[in-house]
Amino acid sequence: MTGRERLHCALNHQEPDMVPVFECVYSRHIFQEQFGFIPKTFDPVSVIELSHKMGYDFAFIPIPGVAGFPPEEEVDTIYVDEWGITRKSDPNTWPIDAGIKSPLESADDWAGYKMPDPEAEFRYIGLAECLRRAEAYGMGVIGNMRGPFSAAWQLFGMEEFLCMFYTDPDVVHEALTACTDFAIACSRRMAKMGVDALIYSDDYGSTQAPLFSPETFREFMAPQLKRIKAVADELGLKMILHSDGNIAKLIPEIIACGIDGLHPIQRCADMEIGDIKTRYGDRLTLFGNIDNVGVLVSGTEEDIDAMVKDCIHKAAPGGGYCLGSDHSVHDDIPNRNVYAMCEAARKYGHYPIEV
């Protein structure tokens, strides 16, 4: 089977020949070793080429201009992006430039804010080339968008935006709706271009607990996710949610919105993939769960081998699981451990699962 075929099997809760393997590669060491250079931005072509060289079955492909990646190769150290967010380009924050100042200070500023253009052509040039290469490689492509909560809070700053849930709920709804409109427009374009699925990056938790209660989630976030899901269904695409943190209490709410997949199932946030598979595996395709804070950073090859085996044993039977780290592989992870994770996945990931 091709990587793309494995991805579609997992999304449809079918057993492919092997567990699909993927990764969000935020490691400059991997780029340097594989390509001999480090790309200035996390552009679609660099992502798909590295994923292909690493032997991954599919890749999450970001669209420049919507996830903190500057649309141009050359930018000043400090610049204002198209959302009005002041960002600082710094090696310590690669590949996503850090936001250092939000364009809006309070709810009163919302009325004068103008959203960026989702149809701007620069967003889709790299994706078109990426899709062409992925087809030749037999790989899947999941279009990666910033979710409405993450997009909206960056306009005001996290603290101010969360306070607005109580002081200015109407403006919160308006901002979330506008950011969802933007995401939906981009989703339609990506679907027309031929992506295999959609993923929305929208963190809802810290490592200890969700950022808000299930009741608050239902009031503010659920209506937007349901809108996105309705469009994904119309387009015939599965909708995956990326959320860091301990969001176990929100999973029933997320499922009620119709979400098809969940990434990255963070171990350091006490997200237990076996329990999640047992409770929700018939409705959610699960992505990730290999510890990128401890085991991948400082573990031995035997430690990594054991964790990969554990994830496959718990989450892969019956399909509906794609193996990768529980967020991304980053500069603190030795290259050898990244390779060891992929090798172990190929060793133990043959169906029927027997580990």
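My aim in this report is to walk through the structure given alongside it, one point at a time. Keep in mind that what you see is a predicted model, and the values were worked out from it rather than measured. (Residues numbered from 1 in each chain as written. Predicted model: local features only at pLDDT ≥ 70, side-chain atom pairs only at ≥ 80, totals over all residues. Heavy atoms only, no water.)

### What about the sheet that holds strand β3 (residues 78–80)?
Then comes step 1: Spatially, β3-β4-β5 is the arrangement adopted by the three strands of the open sheet, whose pairing is antiparallel. Each having just a single partner strand, β3 and β5 (98–101) make up the two edges of the open sheet. Across the sheet, the mean angle from the axis of one strand to that of its neighbour is 40°, orientation sign disregarded.
Then comes step 2: Here β3 pairs with strand β4 (residues 86–88) via three bridges, running antiparallel. Following the sheet pairing, Tyr-79 is matched in β4 by Arg-87. (Pairing = 2+ DSSP bridges. Helix = DSSP H or I, 4+ residues; strand = E, 2+ residues; numbered from the N terminus. Axes fitted to C-alpha atoms, helices over the stretch in contact; angles between N-to-C directions.)

### Describing the packing of helix α5 (residues 148–156) against helix α7 (residues 169–193)
Then comes step 1: Where α5 contacts α7, the two axes come as close as 8 Å, and the packing angle between them is 120°. Considering their axes alone, α5 and α7 lie oblique with respect to each other. In terms of crossing hand, the pair formed by α5 and α7 is right-handed. When α5 is examined against α7, the residues Pro-148, Phe-149, Ala-151, Ala-152, Leu-155 and Phe-156 are found in contact with a partner set consisting of Val-171, Ala-175, Leu-176, Cys-179 and Thr-180. (Parallel < 35°, antiparallel > 145°, perpendicular 65-115°, else oblique. Left-handed = near helix turned anticlockwise from the far one by under 90°. Contact = heavy atoms within 4.5 Å.)

### Quick look at the packing of aromatic side chains
Then comes step 1: Scanning the model with the defined rule gives 26 aromatic pairs in all.
Then comes step 2: A centroid spacing of 6.4 Å and a plane angle of 35° characterise the contact between Trp-110 and Phe-156, whose relative ring orientation is tilted. With Trp-110 in the loop between β5 and α4 (122–137) and Phe-156 in helix α5, this pair connects stretches of sequence that are 46 residues apart. Each member of the pair, Trp-110 as well as Phe-156, is classed as buried.
Then comes step 3: Centroid distance Tyr-204 to Phe-217: 5.5 Å. Interplanar angle 80°. Geometry classified as edge-to-face. In this pair, Tyr-204 sits in the loop between β7 (197–201) and α8 (214–235) while Phe-217 sits in helix α8, placing the two residues 13 residues apart along the sequence.
Then comes step 4: Among the aromatic residues, those joined into a ring-pair cluster are Trp-110, Tyr-113, Phe-149, Phe-156, Phe-161, Phe-165, Tyr-204, Phe-212, Phe-217 and Phe-220. (Phe/Tyr/Trp six-rings, centres within 6.5 Å; stacked < 30°, edge-to-face > 60°. Buried < 20%, exposed > 50% of the residue type's maximum accessible area, 1.4 Å probe, protein only.)

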